[in-house]
Amino acid sequence: MKSTSARLLQLLSLLQTRKDWPGADLADRLGVSPRTVRRDVERLRDLGYPIEATMGTGGGYQLGAGAALPPLLLDDDEAVAVAVGLRTAAQGGVSGIEETSVRALAKLLQVLPSRLRRRVDALGTFTVPMPGEGPTVDSRTLTLVAAACRDSEVLRFDYERHDGTTARRTAEPHRLVSRGRRWYLVAWDTGRDDWRTFRVDRMRPLTPTGPRVPPREAPEGGVAGYLADRMSLHMWPIKARVRLGVSAETAMEGPAARHGVVEAVDEHSCVLLCAGEDLVGMACYLAMLDVDMWVEEPVELREEMVRLGDRLTRTGARGRPVREGGGPGA
């Protein structure tokens, strides 16, 4: 049998891995009786750990929030992962936590064993951060949404649409997804009775959060697959249908597949269904596909591609610029 101190550390580690633990499950994992679990819980409480208990059938234990943060137990890989995450957070992306991340990272590096510190230092020494652009997410909003996902609590929030207007939404949050510098919430929209995706930087959550609801199964194709599909077509205000002069098999092997959904027409052509936020951007990435194409709709995108073609033609015909003194430019 393990010593009491070793068993207490294992019990504390289990309590930190999930929100609720039935007493019988803890007893099975530790290989002791429920009575021993109760005694060990009391010992942890004496050490300052706020462990809450629920009585009756199905009762169990939960590591609650106390007046001060108790020590955390991290294995080697977890400690390195936390250090890397703090270093990344210090470089931006989530507003309001850069300085805090630096302080937390300094404390963690101070107590890391030398073998782990070398791993973290190597990453910091041989990587160069590239300042990013775009909106940042408020850290308080991000943590509130994450907690609602964890606890399966209904979330009410004001959401800013693409056109700048705001609407009140109510949803059952499922998962947060990080893509580049942006964060997205995949949730069941109770008003639309369907899955929806929301950019977290456009959300203004209302507190308190709503009642707890049974967790839903992930959308078909998984969270990442659902978000990829939404981002390729549904999330953007401008939709387009473009005929490509190559087979669907050829298009799927090239960059066209990254910009939308490819549908076969015949052995020599296919249709690309794509979407974007503005006509200029769509015209540019379609021009980079380097295949014959015809914009079937919308007409505005076809006109923008004509203007883009005219500008490129004029630029190519001008040759090298001439300086005021008459000599050719460098």
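Everything numeric here is computed off the predicted structure, so don't read it as measured data.

> What am I meant to see in the overall build of the protein chain here?
When helices and strands are tallied, the protein chain shows 11 helices and 14 strands. Counting every position in the protein chain, which comprises 330 residues, the buried fraction comes to 35%. For the protein chain, long-range pairs separated by at least 24 residues make up 53% of all intrachain contacts whose partners lie at least 6 apart in sequence. Summed over all atoms, the accessible surface of the protein chain reaches about 20100 Å², with 53% contributed by carbon and sulfur.

> Is there a simple way to think about the packing of helix α1 (residues 4-15) against helix α2 (residues 23-30) in this case?
Geometrically, a packed helix pair is captured by the angle between its two axes and the distance between the axes. Where α1 meets α2, the axes come as close as 11 Å, and the angle between the chain directions of the two elements is 135°. Accordingly, the angle class assigned to the pair α1 and α2 is oblique. Taken as a pair, α1 and α2 cross one another with a handedness that is right-handed. Contact residues: α1 offers Arg7, Gln10, Leu11, Leu14 and Leu15, while α2 offers Leu26, Arg29 and Leu30. Across the contact of α1 with α2, the residue classes tally to five nonpolar, one polar and two charged.

> Sorry, what's going on with the sheet that holds strand β7 (residues 166-179) here?
Spatially, five strands are ordered β9-β8-β7-β6-β10 in an open sheet, and the strand pairing comes out antiparallel. Edge positions in the open sheet fall to β9 (194-199) and β10 (203-206), since each of these has one partner strand only. The average undirected angle you get between the axes of adjacent strands in this sheet is 50°. Where helix α7 (residues 139-151) meets the sheet, it contacts β6 (155-160), β7, β8 (182-189) and β10, and its direction lies at approximately 85° from that of β7.

> Before we go on, may I ask you to explain the sheet that holds strand β11 (residues 238-244) in this structure?
Strand order in the open sheet formed by four strands is β12-β13-β11-β14, with antiparallel pairing between adjacent strands. Since the sheet does not close on itself, it has two edges, and those belong to β12 (260-266) and β14 (293-297), each with one partner. The mean angle between the axes of side-by-side strands here comes to 25°, regardless of whether they run parallel or antiparallel. Relative to strand β13 (residues 269-276), β11 runs antiparallel, the two being bridged by seven bridges.

> Sorry, what's going on with helix α11 (residues 299-318) here?
At 3.6 residues per turn, the α-helix brings residues three or four places apart onto the same side. Taking 1.5 Å per residue as the helical rise, α11 with its 20 residues ought to reach 28 Å, and the 29 Å between its terminal C-alpha atoms agrees with that figure. Among all positions in α11, only Leu301, Glu304, Met305 and Leu308 are buried. Looking straight down α11, one finds that the buried residues subtend no more than 100° of arc, so they occupy a single side. Residues of α11 that are exposed and point over 90 degrees away from its buried face: Thr313, Ala317 and Arg318.

> How should I be thinking about the environment of arginine 87 in this particular structure?
Looking at where arginine 87 falls in the secondary structure, it is placed in helix α4 (residues 76-89). Remark: the alpha-carbon pair of arginine 87 and valine 102, spanning 15 residues in sequence, is separated by 7.1 Å. The residues touching arginine 87, leaving out its near neighbours within four places in the chain, are Leu105, Leu109, Val120, Asp121 and Gly124.

> Is there a simple way to explain the confidence of the model for the protein chain in this structure?
Reading predicted coordinates in detail is not appropriate for stretches of low pLDDT. The predicted model of the protein chain averages 83 in pLDDT, with 88% of residues at 70 or higher. Taking the mean pLDDT of every element in the protein chain, the minimum, 72, falls on strand β4 (residues 94-95) and the maximum, 95, on β6.

> So what exactly am I meant to see when it comes to the environment of glycine 309 here?
Position of glycine 309 relative to the elements: it lies in helix α11. Taking the relative accessible area as the measure of exposure, glycine 309 reaches 28% and is therefore partly exposed. As for glycine 309 and alanine 287, which are separated by 22 residues in sequence, their C-alpha atoms are 9.0 Å apart.

> Looking at this structure, I do not really get the nonpolar core. What am I missing?
Proteins that are soluble and globular tend to have nonpolar side chains buried together. Among the nonpolar cores identified, the biggest contains 21 residues, and Leu244, Cys274, Leu286 and Leu301 are the most heavily contacted of them. At the level of secondary structure, the elements contributing two or more residues to this core comprise β11, α9 (248-253), β13, α10 (279-287) and α11. Listed in part, the 16 residues of the second largest apolar core include Leu15, Leu26, Val37 and Tyr61.

> In this structure, what is going on with the pairing of β6? I would like to understand it.
Along β6, the buried face is formed by Leu155, Phe157 and Tyr159; none of Arg156, Asp158 and Glu160, which line the opposite face, is buried. By the bridge criterion, six bridges tie β6 to β7 in an arrangement that is antiparallel. Paired with aspartate 158 across the strands is arginine 168, a residue of β7. Count of turn residues in the β6/β7 antiparallel hairpin: five residues, of which glycine 164 carries a positive phi of about 90°. Across four bridges, the pairing between β6 and β10 is antiparallel. Among the inter-strand pairings, tyrosine 159 is bridged to a residue of β10, identified as methionine 203.

> Explain the packing of aromatic side chains here, please?
Centre distance and the angle of the planes are the two values used to describe a pair of aromatic rings. Under the counting rule described, the total for this entry stands at four aromatic pairs. Ring centres of tryptophan 188 and tryptophan 195 lie 5.6 Å apart, and the angle between their planes is 90°; this geometry places the pair in the edge-to-face category. Considered together, tryptophan 188 and tryptophan 195 belong to a single accessibility category, that of buried residues. Members of the aromatic cluster, connected to one another through ring pairs, are Phe157, Tyr159 and Phe198. The cationic tip of arginine 216 hangs over the ring face of tryptophan 188; the distance from NZ or CZ to the ring centre is 4.1 Å.

How each quantity is defined
- Residues numbered from 1 in each chain as written.
- Predicted model: local features only at pLDDT ≥ 70, side-chain atom pairs only at ≥ 80, totals over all residues.
- Heavy atoms only, no water.
- Helix = DSSP H or I, 4+ residues; strand = E, 2+ residues; numbered from the N terminus.
- Buried < 20%, exposed > 50% of the residue type's maximum accessible area, 1.4 Å probe, protein only.
- Contact = heavy atoms within 4.5 Å.
- Areas by Shrake-Rupley, 256 points an atom, 1.4 Å probe, with all protein chains shown as cover.
- Axes fitted to C-alpha atoms, helices over the stretch in contact; angles between N-to-C directions.
- Parallel < 35°, antiparallel > 145°, perpendicular 65-115°, else oblique.
- Left-handed = near helix turned anticlockwise from the far one by under 90°.
- Nonpolar A, V, L, I, M, F, W, Y, C, P; charged D, E, K, R; others polar.
- Pairing = 2+ DSSP bridges.
- Expected span 1.5 Å × (residues − 1).
- Arc of directions from axis to C-beta.
- pLDDT = per-residue confidence, 0-100.
- Core = buried A, V, L, I, M, F, W, Y, C linked by side-chain atoms within 4.5 Å.
- Phe/Tyr/Trp six-rings, centres within 6.5 Å; stacked < 30°, edge-to-face > 60°.
- Lys NZ or Arg CZ within 6 Å of the ring centre and 35° of its normal.

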